[in-house]
Structures are given as structure tokens and as C-alpha cells.
Amino acid sequence: MNDKLPYYCGERRPNCDYHHGQLPPVRGAGCYQVTRANRTHPEWDDGTGDTYKHGADLAYWKGSFYLHYFTNPVSEHTGRGQSVLASSRDGMHWKDFQVAFPPYRIPACTVTDYKGNTTTFTGDTYAFIHQRVGFYRTSTDRLLLLGFYGWSPQPWVNNWDNFGVGRVVRELYPEGNMGPVFFIRPCWQGGWSREQLLYPLYTEAEESFAACCEELLADPLATQQWAEENGDRDELIRIKHEPDGSTNQAFCWYHINQETVIGLWKHARCARSDDGGGTWSSVQESPSLVMSGQKVWAQRTADGRFAMFYDPTLESTHRWPLCVTLSEDGIAYRDMLLVHGEVPPMRFGGFWKDFGPQYMRGIQEGMERPLDAVWVAYTVNKEDVWVARLPLPVTGREERQVLEGGFEEFTVYSPCWAPVTVTELPSLRLEDFDRYDYARAERVLRESRRQRVVFAVTPGQEDHGSLYCELQDPRGQTAVRLVFRRDGMLCVRTTALVGVCGYRAGESVELELEACCPCHEFTLSVNGVERGKYRFMTAVSSISRFVLRTGAPRSGPTRETEPWEEAGAALPLADEKDEAAVFDLTKFHVESEL
């Protein structure tokens, strides 16, 4: 082990038979869906109708969040690609979806790449979009948007080196509108000439914008992110691919101090520079960083620590869970915690679509960053775009013995069609009109063998929808489960599912649980009336989580489930909303035994 490169020295290892890996969650984290792919109702999504969405990149600028990602109609390397820009004031509610780089129709022409391969385009071919990075902030506080147009002779051929058209750039203005599109780095090695490009070169732009582009081109850390698409023949790329054919993919970096820079790539590959990025050590694999091809992101956090995000699995098709590990020095990482542990069904088929949360990127160095949290963007199943917020300091522990209210302190999983929100009632509201996903909210508790939990729920209906209320151990095993069943019955899941009493729409139900792990049993009271003593559904040693979820727990997709490659495949009614169900948590009180 090279102690000059990052490594993982924590004790936790995920069990990837579970989407959550049996890892403890980050206390108070929020996962928010930005887009839910929709083929037939694009107005309910981002307006594109595309069901392949990937390559999300995140920026924070002048008080707003911006998210840039690319889309293709169905699959990764085929079709009429474009990229989309969305904005948000709070990072949780996204709007103003607009096309950042529109579909690019390759003109009728013939190109010959540096390898001597000749290709003739008829004028009917559209480029797809693929890029690792979408933003660059200049020293004069101007924000550039970046994209890359490519083509591929076959869907399984990457658009690297000789299959690119080129990298494009435009400016994002503070008002949210954008300037004209220019090529900042055409793929000359692919055989493209100025006459064959549909957009002018940046050198033809007005002087101040051209200077912004020159600043970017002179930034070796920023342009290293272009390595795959630009290829090793581009002199901008300092760190080349390996002579044995090994590739260094999806570069990100962070500074430990002014001179020491750590570079990270997919497949646990790392390098170090001790002169600010001028020269680098050889790229080596750090075996303790268990990961595959799902990207990795690391950064210094505002509280002076370091956070690294990745999927700690050797799987490439089944990419879960998304975790974070923490470090005091930027080298030794420990405390593996869960960020995103949900994998809904893949609703649409397509070539090279993989399950799970993946391709994570935070806000890169040189950008503004909020001081109260770490933010990261990613995609799920390569069809939906998400962001996660981790409050600082990042921790999975709760030390307080007594908890009261504090709905903002719940860890939430909030899809577009199953949102979790804090209302003015006040309440924590879980709404659900998604037939393939659910809302989830959980509160990290002080780990204890005995817990007393008092909470009140007001259901918005009594004839559809369900709410699961659970007490779980640190690995996510459920000891206690109550269910507001869709038929208006409140049930307990003990040795069997047992009805307790009815409930009515709009009427508050106050529940009190006293759980004893050594006894494997709990006492339940409803609206002040004791209803009995019940056995746990699972024997656990301690309880550390209170969980609400608008649906039954899911076990699929499993690691045996294969993604659909059939282009037209879609789950039934995948684009249609279900009847909405609403549940409000209006009271929450916990006493944990010391």
C-alpha cells in the first residue's frame, strides 16, 4: 500500500446483495430526483422525450444551482443527442429545463482520421453527446458550458480519439440565458476541417469570450477531464493512457494543500502531483478502493475534511450502493456511509444501460460551493438524474438521547413523483403517485437496545396507497413494522401481518412504540390506548433508525437481473401517473436508552 495515494482503511464493507449495502445512512442527507425520464409525456420531464440520461455535472453560481447532463433517445452511443441545463435555487426543486447543446446533424461530407480510416456521411446522421464535464468558471467569474459531439460506427464503440466531432462551448449568463455555440476543440485527428463544422471556432468570437476559452485551454487540470474524447494525440492531455492499453477514465482531482494534488479515475486508479499539477506520479491502482467503472468523486469539504463518493462494488452492470467515505488528511479514508441505497426498476430498455446510482460528480474546484453541505449529482439506471445533499459535518451517528420534531433532520429519498417535503402544518409529507417507486424518509437515532418512539400520522386517504413505519438496526434489518394498508386498516407485521384497527382519511393517528431488543418484542399504543405486546419481525441487537416508506421494501433488481437492451422496451404505464396518496408525519418524539 502506498500511503502517498488514497486508500480505504475503514472496517465497513457493503453487502451488495442489498441495494443499501447494509451500510448506515448519512444523517440528514437528502436525495432529490431532478428528472424522471418520460417517453410519451416529455412535458412532465425535461421536454426532450429521451430515456437515456447520463453524465450529470453540477455547479453553484451566483446563488443558484445548475445541473448539466446529456441525453440520447434510447441508448448511450446512438441517436440524436443533446444536452440539457436545469436550475434550482435550493437544489431540491428544479426548473427552467433548456437545451444547452442542441442535436447536431452531421453534414454530408467525407472524413479521414489519423489512422487512415475514411467515413462518408450522407447528411442524415446525428451525433450523440458524451462528455465528462459540463462547466468551467473563469477567473473573471464567467461560467462556460461544455459539451462534446461524437459519432460511433457501432453502439459498442466509444467516441474516443478518432470518433469525435469536437468539443463545444458557450457562455451561461447570470440571467440564465446562453450565448452562441462555438467549437473550442474540434477533433482534428478525426479528420474534421473548419469547413465541415456547423459552429464557428471560439477564435472567431468576440475578444473577451475568446479570452475565457484561452484561460480554460491553459488550465491543465480542467482539460485533463477531456482525455478520453480528445485522445492522447492532443497535447493538452498531460496524463496519457497506459502503453499496455489500460485507460485512465473520468478524471477528477482535489488539492490537499497548495502543492499536493490527488488525481482519481475509474477502477480505483490514482496519481499524485506535488507541484500543483505540473508533473505527476505514475497512475496506480489502489486496491483498497473497491470500485469498477461507475466513476469516483472526491473533494475537500468546507469543514476541512475530505469526502470520496463511489459505488463500492466490483460489479459493472449492477452499480450500488452509492456511498461516501471520509478522511482527515485526503489520503486515509474510513467511515463508509450510505448516500443513495435505492434502485427502482429500469423502466426503459437501451444499449449500455446499467442499474443503480452512478457517474457521480460534485462541484469542482474553482467553482463556488455552499458552506453548509456537500452536493453531488448522479444518474440512476442511466435514465433519471438525481442530486444528493449531505449536511456538514458528514456523519452517520446521532448522539442525542431525546429527539423532538426536527423534520428537516430526516434523511430523505424524494423522487419527482413521490416527493418528501416539509410543510407549513408543520409536517413531513410523503406523497406518492409513482407506480414504480416510493417516497422514503428516515431518522437516524442514537443506537440503543431499547427505544421509545411516539409519532403521529395523518393519512390523506383510506382506500389506496400505503405507508410502512419501521424501526431498523444499523444494517437496515427491520425489527418493528407498522403498515397503513391501502384498505384503511392499520396492521402490525409480527410473526404474521396482523390487523390492529381502522384509520380514516384526514384523521390523525398517534402511535407509541416501546421496543426491547433483548426481549425481541414491542408494546404498541394507538391514540393513547395500549393495543398489546408483539414479537419483532426480525431479531436485532440494537435499533438506530426510524423509517417511513410509501411502499413495500423491494429486493429487485438483483445482481442476477440483466438490463434491457431492447430499444423499444418499456414497463407498462411507465409514463403515467398513479393515483396520489399522501401521508403527513405531524409529531415525532424519541427516547433512546443510554
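Conventions and cut-offs
- Residues numbered from 1 in each chain as written.
- Predicted model: local features only at pLDDT ≥ 70, side-chain atom pairs only at ≥ 80, totals over all residues.
- Heavy atoms only, no water.
- Pairing = 2+ DSSP bridges.
- Helix = DSSP H or I, 4+ residues; strand = E, 2+ residues; numbered from the N terminus.
- Axes fitted to C-alpha atoms, helices over the stretch in contact; angles between N-to-C directions.
- Phe/Tyr/Trp six-rings, centres within 6.5 Å; stacked < 30°, edge-to-face > 60°.
- Buried < 20%, exposed > 50% of the residue type's maximum accessible area, 1.4 Å probe, protein only.
- Lys NZ or Arg CZ within 6 Å of the ring centre and 35° of its normal.
- Salt bridge = Lys/Arg side-chain N within 4 Å of Asp/Glu carboxyl O.
- Contact = heavy atoms within 4.5 Å.
- Core = buried A, V, L, I, M, F, W, Y, C linked by side-chain atoms within 4.5 Å.

A. The arrangement of the sheet that holds strand β19 (residues 306–310) in detail. If you walk across this open sheet you meet the five strands as β1-β21-β20-β19-β18, and the pairing is mixed. A strand with exactly one partner marks an edge of an open sheet, and here the two such strands are β1 (7–8) and β18 (297–300). As judged from the four bridges shared by β18 and β19, these two strands associate in the antiparallel manner. Directly across from Q299, in β19, lies its bridge partner A307.

B. Up close: the sheet that holds strand β34 (residues 497–502). In space, the 11 strands of this open sheet follow the order β22-β23-β24-β2-β26-β29-β38-β31-β32-β33-β34, with mixed pairing throughout. Two strands in the sheet have a free side with no partner beyond their single neighbour: β22 (357–362) and β34. The average undirected angle you get between the axes of adjacent strands in this sheet is 20 degrees. Pairing between strand β26 (residues 411–414) and strand β29 (residues 440–448): three bridges, direction antiparallel. Its bridge partner being in β29, T411 is matched across the sheet by E442.

C. Expanded view of the packing of aromatic side chains. According to the stated counting rule, one finds 29 aromatic pairs in the structure shown. Their ring planes at 55 degrees and their centres at 6.5 Å tell us that W61 and Y66 sit as a pair that is tilted. Owing to a relative accessible area of 7%, Y66 belongs among the buried residues under this scheme. Aromatic side chains Y413 and Y438 sit 6.4 Å apart centroid to centroid with 70 degrees between the ring planes, which places their arrangement in the edge-to-face category. Placement of Y413 in strand β26 and of Y438 in the loop between β28 (427–432) and β29 is noted, with a sequence separation of 25 residues between them. For Y413, a relative accessible area of 4% gives the class buried. For the cation-ring pair, K382 lies above Y359, with the distance from its terminal atom to the ring centre recorded as 6.0 Å. One cation-aromatic arrangement involves K577 over W44; the distance from NZ or CZ to the ring centre is 4.4 Å.

D. Local environment of the pattern of salt bridges. Overall, the coordinates contain 46 salt bridges when judged by the stated rule. The partner of R559 in a salt bridge is D17, with the nearest N and O atoms 2.9 Å apart. Here R559, found in the loop between β38 (543–549) and β39 (581–592), pairs with D17, found in the loop between β1 and β2 (30–36); they are 542 residues apart in sequence, far enough to count as distant. With relative accessibility at 30%, the residue R559 sits in the partly exposed group. Under the relative-accessibility criterion, D17 is labelled exposed at 54%. Here D57 makes a salt bridge to R361, at a shortest N to O gap of 2.8 Å. Here R361 lies in strand β22 and D57 lies in strand β3 (residues 52–61), a separation of 304 residues in the sequence. The exposure class of R361 is buried, given its relative accessible area of 2%. Through salt bridges with shared partners, a single ionic network connects E342, D437, R440, E442, R545 and R554.

E. Looking closely at the environment of V509. Its location among the elements puts V509 in strand β35 (residues 509–516). Spatially, the C-alpha atom of V509 lies 5.3 Å from that of V457, the residues being 52 residues apart in sequence. If near-sequence neighbours (up to four positions away) are discounted, V509 is found in contact with F455, A456, V457, F484, Y503, V526 and N527.

F. Local environment of the nonpolar core. Ranked by internal contacts, the top residues of the largest apolar core, which has 95 residues, are L67, W192, F455, F484, F522, L524 and F588. Among the elements that take part in this core, β3 stands out by supplying six residues, more than any other. Sequence-distant contacts of L67, that is, excluding residues within four places in its chain, are made with V34, A56, D57, L58, V84, L85, A86, W94, F135, A377, V385 and V387. In terms of nonpolar packing, the next biggest core, distinct from the first, is built from 46 residues, A298, A332, M360 and Y378 among them.

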